[in-house]
Amino acid sequence: SRPRERKPSEPPWAAADPCNHGVTADRRVRTREGHLLRIIAYTDPKTGEGYEFLTNEPDLPPGVLAELYRRRWEIEKVFDELKNKLSAQKAWATGLVAKESQGQLVAIAHNLMQLYQGRLEQEHRVEDTAEEQRRKKRTEELQRVAATHGRAVSSLLLDARKATQRSVKFVRWLRHAVREHLTETAAVPRLSLLLASL
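Residues numbered from 1 in each chain as written. Predicted model: local features only at pLDDT ≥ 70, side-chain atom pairs only at ≥ 80, totals over all residues. Heavy atoms only, no water.

Attention now goes to the overall build of the chain. Assigned secondary structure in the chain consists of seven helices and three strands. Across the chain, helices and strands are ordered from the amino to the carboxyl terminus as β-β-β-α-α-α-α-α-α-α. Its C-alpha atoms give the chain a radius of gyration of 22 Å, more than 25% over the compact-globule value 16 Å for 198 residues. Projected onto the principal axes, the alpha-carbon positions of the chain cover approximately 65 × 45 × 25 Å. The buried share of the chain, reckoned over its 198 residues, is 30%. A sequence separation of at least 24 residues applies to 52% of the contacts in the chain between residues at least 6 apart. Counting 35 positive and 27 negative side-chain charges, the chain places the centres of these two groups 3 Å from one another. (Helix = DSSP H or I, 4+ residues; strand = E, 2+ residues; numbered from the N terminus. Rg over C-alpha atoms; globule rule 2.2 N^0.38 Å. Buried < 20%, exposed > 50% of the residue type's maximum accessible area, 1.4 Å probe, protein only. Contact = heavy atoms within 4.5 Å. Lys, Arg positive; Asp, Glu negative; His and termini not counted. Charge placed at Lys NZ, Arg CZ, Asp CG, Glu CD.)

Next comes the structure, spelled out in structure tokens:
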């Protein structure tokens, strides 16, 4: 295929690479102070809405940076999980040290749940079937709409799994297993049944 034409201020990037689908430009600009920055233009494959991302990261492919920016929005889902599923709605105390300690413990709890859910998938083949079905439907709809408008979907977007939020079923199961001092052998079959149902 013919190489994509580019402006002198635009470094070469692989437009054909599936991870860069949706990227329309990757330009270098300088600030008034002389700092070199990148502006990455990206078109959402579903809505056709254009975005521009400003970064000082010089080396990563533009599609990777666009996906990282998109995933930043998922951080809101973490706050929702902490507030509503883990009941971390109020500060334990008013002091700065206490608030920092609470924040660190909540972050550790979130990370441990994520790691444990991954371990359950690997060692016990326990998967959130309902969430995977919903994800599959969302992905198929995204591809259908994008194809209708002649837009390609980034491979990073297709392969992405939301790592920011656990299902309510998983959180309730874990809370129950801890409170009841259940062994993993006794608790895992219950989780399998829970996650298999829609």
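Here Asp 44 lies in the loop between β2 (36-43) and β3 (50-55). For the buried residue Asp 44, which engages in no salt bridge, the nearest side chain bearing the opposite charge is Arg 151, 6.3 Å off. A distance of 2.8 Å separates a polar side-chain atom of Asp 44 from the backbone nitrogen of Lys 46. Aside from chain neighbours lying at most four places away, what touches Asp 44 is Glu 49, Tyr 51 and Arg 151. (Salt bridge = Lys/Arg side-chain N within 4 Å of Asp/Glu carboxyl O. Polar contact = N/O pair within 3.5 Å; in protein donor to acceptor, adjacent residues only side chain to side chain.)

Attention shifts here to the pattern of salt bridges. Applying the stated rule across the entire model yields eight salt bridges. Across the pair Asp 26 and Arg 28 runs a salt bridge, and its minimum N-O distance is 3.5 Å. On the basis of relative accessibility, which here comes to 22%, the residue Arg 28 falls in the partly exposed class. Taking the shortest distance from any N to any O, the salt bridge between Glu 184 and Arg 119 comes out at 3.1 Å. Remark: Arg 119 occurs in helix α3 (residues 96-124) and Glu 184 occurs in helix α7 (residues 184-196); sequence separation between them is 65 residues. One network of salt bridges, in which partners are shared, links Asp 26, Arg 28 and Arg 38.

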